[in-house]
Structures are given as structure tokens and as C-alpha cells.
Amino acid sequence: MTTPASHSLRQLLASGDNASALREAALALGKNPKDPEASFVAAIVCVEAGKIAEALAHITIAVTAQPDNVEYLAQQARILITARREAEAMVAARAASAASSSDPFVLDTIGCVFVRLGNHDEALPLFQRAVAAA
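My aim in this report is to walk through the structure given alongside it, one point at a time. Throughout, residues of each chain are indexed from 1 in the direction in which the sequence is written. Where local features are concerned, this predicted model is filtered to residues with pLDDT of at least 70; where side-chain atom pairs are given and counted, the filter is 80 or more; whole-chain, interface and lining totals use all residues. Note that the side-chain values use all heavy atoms of the structure and ignore hydrogens as well as water.

Description of the overall build of the protein chain
As a reminder of what qualifies: Comment: elements are numbered from the N terminus, with helices defined as DSSP H or I runs of at least four residues and strands as E runs of at least two. All radius of gyration figures rest on C-alpha atoms, and the globule criterion is 2.2 Å times the number of residues raised to 0.38. Three labels apply to residues, based on accessible area from a 1.4 Å probe with only protein chains included: buried if under 20% of the type maximum, exposed if over 50%, partly exposed otherwise in between.
Within the protein chain one finds eight helices and zero strands. For 134 residues, the compact-globule formula gives about 14 Å, and the C-alpha radius of gyration of the protein chain, at 14 Å, lands near that figure. Across its three principal axes, the protein chain shows a C-alpha extent of roughly 45 × 30 × 25 Å. When the 134 residues of the protein chain are sorted by exposure, 43% land in the buried category.

Focus on the environment of S97
Defined as follows: Contact criterion: two residues are considered in contact whenever any of their non-hydrogen atoms come within 4.5 Å of each other.
Looking at the secondary structure, you find S97 in helix α6 (residues 86–99). Judged by its relative accessible area of 23%, S97 falls in the partly exposed class. Along the backbone, S97 and L126 are 29 residues apart, and their C-alpha atoms lie at a distance of 7.9 Å. Residues within four places of S97 in sequence aside, it is in contact with I110, F114 and L126.

Digging into the environment of D35
Counting through the fold element by element, D35 comes out in the loop between α2 (18–31) and α3 (36–48). D35 sits 30 residues away from A65 along the chain, and the two C-alpha atoms are 7.8 Å apart. Setting aside anything within four residues of it in sequence, one finds D35 in contact with A28 and L29.

Some words on the side chain of D35
Formally: Charge assignment: positive for Lys and Arg, negative for Asp and Glu; neither His nor the chain ends contribute. A pairing counts as a salt bridge when a side-chain nitrogen of Lys or Arg comes within 4 Å of a carboxyl oxygen of Asp or Glu. Two N or O atoms count as a polar contact when they lie within 3.5 Å, although within protein this holds only if one can serve as hydrogen donor and the other as acceptor, and sequence-adjacent residues are included solely when both atoms are side-chain atoms.
The buried charged residue D35 lacks any salt bridge, with K31 as its nearest oppositely charged partner at 8.9 Å. At a separation of 3.0 Å, a polar atom in the side chain of D35 contacts the main-chain amide nitrogen of A38.

Looking at the environment of A38
Tracing the chain through its elements places A38 in helix α3. On the basis of relative accessible area, A38 is assigned to the buried category, the value being 0%. Sequence separation of A38 and R10 is 28 residues, and the distance between their C-alpha atoms is 9.2 Å. Excluding residues within four positions of it along the chain, A38 makes contact with L9, A25, A28 and L29.

A short note on the side chain of N69
When you line up the elements, N69 lands in the loop between α4 (52–65) and α5 (70–82). At 3.0 Å, the side chain of N69 and the backbone nitrogen of E71 are in polar contact. Only 3.0 Å separates the side chain of N69 from the backbone nitrogen of Y72, close enough to count as a polar contact.

Some thoughts on α2
The condition that has to hold: Multiplying one less than the number of residues by 1.5 Å gives the expected span of a helix.
The terminal C-alpha atoms of α2, which comprises 14 residues, lie 20 Å apart, in line with the 20 Å expected from a rise of 1.5 Å per residue. Of the residues making up α2, those classed as buried are S20, A21, A25, A28 and L29.

Put into C-alpha cells, the structure is as follows:
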């Protein structure tokens, strides 16, 4: 569900203004510590800043709140692979793949996780779907 606040967070994230995105996500989390979209944005900013433990904590909140959100699952897999937690990354990537998305960026993210795990057979169809969707 997209709210005006979550749209604003996404705009800040897309603009590359990570400091503002994190600040606004923190404000939203101050009001609702289980806000999935604010947690998602905080996770993305944290992983980009190399704060992997914080990113994992935030993405866990987002996935717990919306366990069928493919984008959240894909980013959870990406963060887990960054943390070198391969077995958990595989579980998250497979969950994201099973949830089925048509978003080329989400498909690419899942495919990249599979590639990093050496699982090219599961990656290839995702990349093909990403190209077709783009």
C-alpha cells in the first residue's frame, strides 16, 4: 500500500539523497517502529552505507510486516548475500522468485543473488523475464 509518506520516502531514495531518506525513514519509524516502507527505505540506505547489521534489522521488519512483498524479499536476499549468509539468502531469493514479480529491477535483483550463490539455472529465467518486462 502506497501512502503519501511512503511515496515521499521512495522519491528521496530514488533521488540519491540517502541522508534525507534515512532521516525521513527514522521519523516515520519513530511514529510507527513497524512501518514496513520506512524500514525498507532504511534498509536500502544502510546496506549502501555498509551498515549491514542495521540493514538486516530493518529489512526483517519490512518482510515480517509484508511477507509476500516480492521487492522486500528480493532486497532481503541481497542484504543477506552481502552479509555472507548464503543459506538464508538462498531461502529469501527462492521465496522472492516464487512470489512472482513483473518488475524488471526486482527480477534482476533476485537473479543477481542466485548468480552470487552460483545458482545460474535459477538466475537465467529471472534475467529473461526482466529483459522481457523492460
